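A closer look at the structure
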There are 2 protein chains.
Amino acid sequence: MAVYTDVGEAELAGFLGRYDCGPLLSYKGIAEGVENSNFLLRAGGGTFILTLYEKRVDRDDLPFFVGLMRHLASRGLNCPQPVVTRDGETLGELAGRPAALFTFLEGMWSRRPHADQCREVGVALAQLHDLASDFDLRRPNALGVAGWRQLLDGCGPRADDVEDGLRDELDAELRFLEENWPKGLPAGVIHADLFPDNVFFLSGELSGLIDFYFACNDILAYDLAICLCAWCFEQDGAYNVTKGRALIEGYRSARVLSAAELAALPLLARGAALRFLLTRLYDWIHVPANSFVTKKDPKEYLRKSRFHRSVRSIADYGVHE
Amino acid sequence: MAVYTDVGEAELAGFLGRYDCGPLLSYKGIAEGVENSNFLLRAGGGTFILTLYEKRVDRDDLPFFVGLMRHLASRGLNCPQPVVTRDGETLGELAGRPAALFTFLEGMWSRRPHADQCREVGVALAQLHDLASDFDLRRPNALGVAGWRQLLDGCGPRADDVEDGLRDELDAELRFLEENWPKGLPAGVIHADLFPDNVFFLSGELSGLIDFYFACNDILAYDLAICLCAWCFEQDGAYNVTKGRALIEGYRSARVLSAAELAALPLLARGAALRFLLTRLYDWIHVPANSFVTKKDPKEYLRKSRFHRSVRSIADYGVHE
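Described below are features of the structure shown in this document. None of these values were measured; they are calculated from a predicted model.

Turning next to the sheet that holds strand β8 (residues 199–202) of chain A. Residues and elements named next belong to chain A. Across the sheet, three strands lie side by side as β6-β8-β9; this open sheet has antiparallel pairing. Each edge of the open sheet carries a strand with a single partner, namely β6 (108–109) and β9 (205–209). Taken together, the four bridges between β8 and β9 define a ladder with antiparallel strand orientation. When the bridges of β9 are listed, Leu 202 appears paired with Glu 205.

Here you go:
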């Protein structure tokens, strides 16, 4: 949950004065997103999401994030569309922070996704990759393979507090991934955080994708590997082959996966599991107990990492070339 | 901020099936209220607030709270109106908690109230007292004068951590109030927590009162004394006589204050300041640092308590009989 910055009515009305959104009627801080402060705002012209970008987001990245959403929305992807001021701007400043106004997406995220939803996510992810292919800004993936060593070093010896020998295990896994990470696979803009709470459904259909604040340039199939980790495991840690097949086949129905991409999927999934394991482990060790941020269990991704290490080919995910 | 309980779409849809509110479109946990989990919910039939009552609220009190809101709304006070199911119910159960659906009130609370807003609050408070006079349920004030001793005892010697000698000072003040607390003043249903964040304004006018979860039966003028504490001090701790006068005169424009009520106001204000000082002090000492609840500074109310002790008559508040 996240409302780090409160906003007064007068300064908010001043901010909104640059938009054609009608008079302000109400605004409520909402428990959505982790990095930023978000308000659900009602005005004469409709319902909006107001986002204030907090310290953890680099201001230099904002044109990429907001520009990407504008690009994708203009091409028909259901995602929050940045509202444009009368001066043509999509980014402003409010309460001393960069701020932007977005259209509101109806829909609910699925607490227990089923296979049909996994298939729809696969389709939407492929569409995102396709529609973003002519987006002209670039952002390297700070949490990609080249950044994992620094994360692991930052965890230090306390990794073993989570499980005896974990530090050595992760060190070996990381070394393997660094040496074998695939080269030459199709790359482009990826969402990089398409977890269930970032996908809305309405009346049984996918109604929108949100939270593009980890989006970056990286291997496209790595984004699918992230979704495989995020969508296709049961709460007891078991991989669900029906969901995995639905996700991957959904993706393939909208974008062709080459033989090389398919073959790389187990390795990319090991990378995806390690990436979320490392950030969770880092937060577990470093975020103070009295923080607003709810700490997530690193062990969930340790189990997923071990599962992907046990995979011999994509047949184990329930799919074939 | 407060979302203690998450709710899945399927169980929420089941809950809403008992209402004529149309299909569920979206719901977001909002940072409003401290005791309960609140969601801003959009459905085919409009926008609503969904409240899940958490442990700190006594289930036996819910018919009083929800019944009072229904009573006041039906008599024209702008407050959240409990939505009634097709079976005529206003209280249900969701995610293992008592739950209720309310109409949504537009409007914004004032972070820096000005005198005109204090006057409007005075008027609305008097209207509330008047409109609630024929509400037939009763709820004793657990945080009234009879309950303060237990709160102070519960703070123990650590009160002196806030300021040297505070425990003795509060003990003497409480003994004085216990011995001199007024008897025979007009009593009825009071809001008991009408702070600025519980009053909405829209287009310069008061648009609604919310959060009736401290409402109870007590001395009516004590409710005005609470507002005097909550609305009429500057951030530097100074009493603002213009705001105080506006609040009290606003109240008097809608309900006659007797000479006895006016004369008792300084004493009631001492009680109000002590009540919020004690609960803040109690939380300061007992609420763990990693709690979601934002702890409020008890010293703010220590300054207000001392101010009210210095008051010789209501002339010091800027008003006359």
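In this section: the interface of chain A and chain B. Facing the 30 residues of chain A at the interface are 30 residues of chain B. Taken together, the two surfaces of chain A and chain B that pack against each other cover about 2800 Å², and 57% of this comes from carbon and sulfur. Taken together, the links from chain A to chain B amount to four salt bridges. When the shortest N-O distance is used, the salt bridge between Arg 111 of chain A and Asp 6 of chain B registers 2.8 Å. Put simply, the parts of the chain that give the side of chain A that touches chain B at least two residues each are β1 (24–30), β2 (37–43), β6 and β8 of chain A. Considering each element in turn, the side of chain A that touches chain B owes the most residues, seven residues, to β1 of chain A. Looking at the side of chain A that touches chain B, its residues break down into 16 nonpolar, seven polar and seven charged.

Bringing the relation of the copies chain A and chain B into the picture now. For the match of chain A to chain B, the screw axis carries a shift of 0.0 Å, the RMSD comes to 0.0 Å, and the turn is 180°. In the structure described here, the two chain copies are related by an operation that fits a two-fold rotation axis. A share of 100% of interface residues in chain A that are also interface residues in chain B marks the association as one of identical surfaces.

This part takes up the sheet that holds strand β9 (residues 205–209) of chain B. All names here are of chain B. Read from one edge to the other, the open sheet built from three strands follows the order β6-β8-β9, with strand pairing classed as antiparallel. At either margin of the open sheet sits one strand with a lone partner, and together these are β6 (108–109) and β9. Relative to the sheet, helix α3 (residues 115–131) contacts β8 (199–202) and β9, its axis offset from that of β9 by approximately 45°.

Counting residues in each nonpolar core, the largest one holds 182 residues, and the members touching the most others are Phe 212 of chain A together with Phe 212 of chain B. What Phe 212 of chain A contacts, discounting residues up to four positions off in sequence, is Phe 65, Leu 68, Met 69, Leu 72, Leu 77, Cys 79, Pro 80, Leu 128 and His 191 of chain A.

Moving on, we get to the pattern of salt bridges. According to the stated counting rule, one finds 42 salt bridges over all chains in the structure shown. Residue Asp 161 of chain B is joined to Arg 158 of chain B by a salt bridge in which the shortest nitrogen-to-oxygen separation is 3.4 Å. By relative accessible area, which is 58% here, Asp 161 of chain B ends up exposed. You can call Arg 158 of chain B partly exposed: its relative accessible area is 43%. As a salt-bridge pair, Glu 261 of chain B and Arg 255 of chain B come within 3.0 Å of each other at their nearest N and O atoms. Overlapping salt bridges, with partners in common, bring together Glu 163, Glu 169, Glu 173, Arg 270, Arg 306 and Arg 309 of chain A in one network.

Cut-off values and rules
- Residues numbered from 1 in each chain as written.
- Chains lettered and ligands numbered in written order.
- Predicted model: local features only at pLDDT ≥ 70, side-chain atom pairs only at ≥ 80, totals over all residues.
- Heavy atoms only, no water.
- Pairing = 2+ DSSP bridges.
- Helix = DSSP H or I, 4+ residues; strand = E, 2+ residues; numbered from the N terminus.
- Contact = heavy atoms within 4.5 Å.
- Buried area = accessible area lost by both parts, 1.4 Å probe.
- Salt bridge = Lys/Arg side-chain N within 4 Å of Asp/Glu carboxyl O.
- Nonpolar A, V, L, I, M, F, W, Y, C, P; charged D, E, K, R; others polar.
- Least-squares fit on C-alpha atoms with pLDDT ≥ 70 in both.
- Axes fitted to C-alpha atoms, helices over the stretch in contact; angles between N-to-C directions.
- Core = buried A, V, L, I, M, F, W, Y, C linked by side-chain atoms within 4.5 Å.
- Buried < 20%, exposed > 50% of the residue type's maximum accessible area, 1.4 Å probe, protein only.

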